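Fold and geometry: a report
This is what each chain is made of:
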Amino acid sequence: MSRRIATRKGSRFSYAPRRLLQFDAVILPMIGFAVIIALWWAIATFFTTLMPTPWEALVANLDYILNPFYRRGPGDLGIGWLLLASLRRVLLGFGLGTLVAIPVGFWIGLSPRAMKAINPLVQIFKPVSPVAWLPIALAIFNLADPSAIFVIFITSLWPTLINTALGVASVPKDYLQVAEVLEMSQWRRMTKILWPASLPYIFTGLRISLGIAWLVIVAVEMLTGGIGIGFFVWDEWNRLNLSSVFLAVLVIGVTGLILDYLLARLQQWATHRPATSV
């Protein structure tokens, strides 16, 4: 009899963490979304006639939601194609920035002279608004698409570069002294000591850079036009179609969340450590 009672008590206690986890992971986000939708509904109902209610926005966007990859003419594309066009620009600019930022960050982290030479440039260019780079890019390339990629490249460069340099400079000196005693080559020192130790810093920079790149593409496409989710937002606003603007905001937010999640999973696989929130 006592064993049965203990088993029942144990089962109750074993379900408690699961219920708590379910509450934190499912119920609390649902409450947050419900509050936002209620606030949106209240503003649309009592404060303005231009903004649609959530239900009106859902009905108006059913075609975009059910047929995201339609083609009905040269400029009439589904929101899925617009999203893919923006993702292509972001990944190209972000990839080019990563190829430059990581080697330069290693160089700065290993060389005090390089740090003194390049750090002032980083501090000057890092706060510059992405929009300020767009006229320079247009003057260089004279085309919207490469100009957008260049702006993403230049603005997503700094977080990865800074975090890589910080990670390399933070490697304990004892590790490097052991490498000297073992007469490790520079390449083995780089791959066996510096690279694994600085990977968490590098991935932190990469996740920040990717977030900035996805943020920048919307503003750049609003100004340059063409095919993309940013231009879609601006075009729909000019038509006073706020229902489609809300849909684009949701798509942009969910896509940014997915990109960060994928990079966090890659970080866990590469570092064998849980990824921290950025």
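Everything below is about the structure shown above.
The notes below deal with the structure included here. (Residues numbered from 1 in each chain as written. Predicted model: local features only at pLDDT ≥ 70, side-chain atom pairs only at ≥ 80, totals over all residues. Heavy atoms only, no water.)

1. Some points on the side chain of Asn163
Summarising the element assignment, Asn163 is placed in helix 7 (residues 144-169). Beyond its immediate chain neighbours, meaning those up to four positions away, Asn163 contacts Tyr201, Thr204 and Gly205. (Helix = DSSP H or I, 4+ residues; strand = E, 2+ residues; numbered from the N terminus. Contact = heavy atoms within 4.5 Å.)

2. Notes on the packing of helix 4 (residues 79-110) against helix 11 (residues 242-271)
Packing of helix 4 against helix 11 brings their axes to within 12 Å, and their N-to-C directions diverge by 45 degrees. Taken together, the axis directions place helix 4 and helix 11 in an arrangement best described as oblique. Here the hand of the crossing between helix 4 and helix 11 comes out right-handed. Residues Ile79, Leu83 and Leu87 of helix 4 pack against Leu247, Ala248, Val251, Thr255 and Leu259 of helix 11. Grouping the amino acids of the contact of helix 4 with helix 11 by side-chain chemistry returns 7 nonpolar, 1 polar and no charged. (Axes fitted to C-alpha atoms, helices over the stretch in contact; angles between N-to-C directions. Parallel < 35°, antiparallel > 145°, perpendicular 65-115°, else oblique. Left-handed = near helix turned anticlockwise from the far one by under 90°. Nonpolar A, V, L, I, M, F, W, Y, C, P; charged D, E, K, R; others polar.)

3. Considering the nonpolar core
Among the nonpolar cores identified, the biggest contains 57 residues, and Ile79, Val90, Val151, Trp214, Ile217, Ile229 and Phe232 are the most heavily contacted of them. Taken together, the elements giving at least two residues each to this core come down to helix 4, helix 5 (112-125), helix 6 (130-141), helix 7, helix 8 (173-181), helix 9 (186-224), helix 10 (229-238) and helix 11. No other element matches the 13 residues that helix 9 contributes to this core. Setting aside chain neighbours within four positions, we find Ile217 in contact with Ser86, Arg89, Val90, Ala148 and Ile152. (Core = buried A, V, L, I, M, F, W, Y, C linked by side-chain atoms within 4.5 Å. Buried < 20%, exposed > 50% of the residue type's maximum accessible area, 1.4 Å probe, protein only.)

4. Some remarks on the pattern of salt bridges
Evaluation of the coordinates by the stated rule reveals 7 salt bridges. With a shortest N-O distance of 2.5 Å, Arg89 and Glu221 are connected by a salt bridge. Taken together, the positions of Arg89 in helix 4 and Glu221 in helix 9 put the pair 132 residues apart, joining distant regions of the chain. A residue is classified by how much of its surface remains accessible, and Arg89, at 9% relative accessible area, is buried. With a shortest N-O distance of 3.0 Å, Arg207 and Asp260 are connected by a salt bridge. Taken together, the positions of Arg207 in helix 9 and Asp260 in helix 11 put the pair 53 residues apart, joining distant regions of the chain. Taken together, the shared-partner salt bridges in this structure form one network comprising Arg88, Arg89, Asp145 and Glu221. (Salt bridge = Lys/Arg side-chain N within 4 Å of Asp/Glu carboxyl O.)

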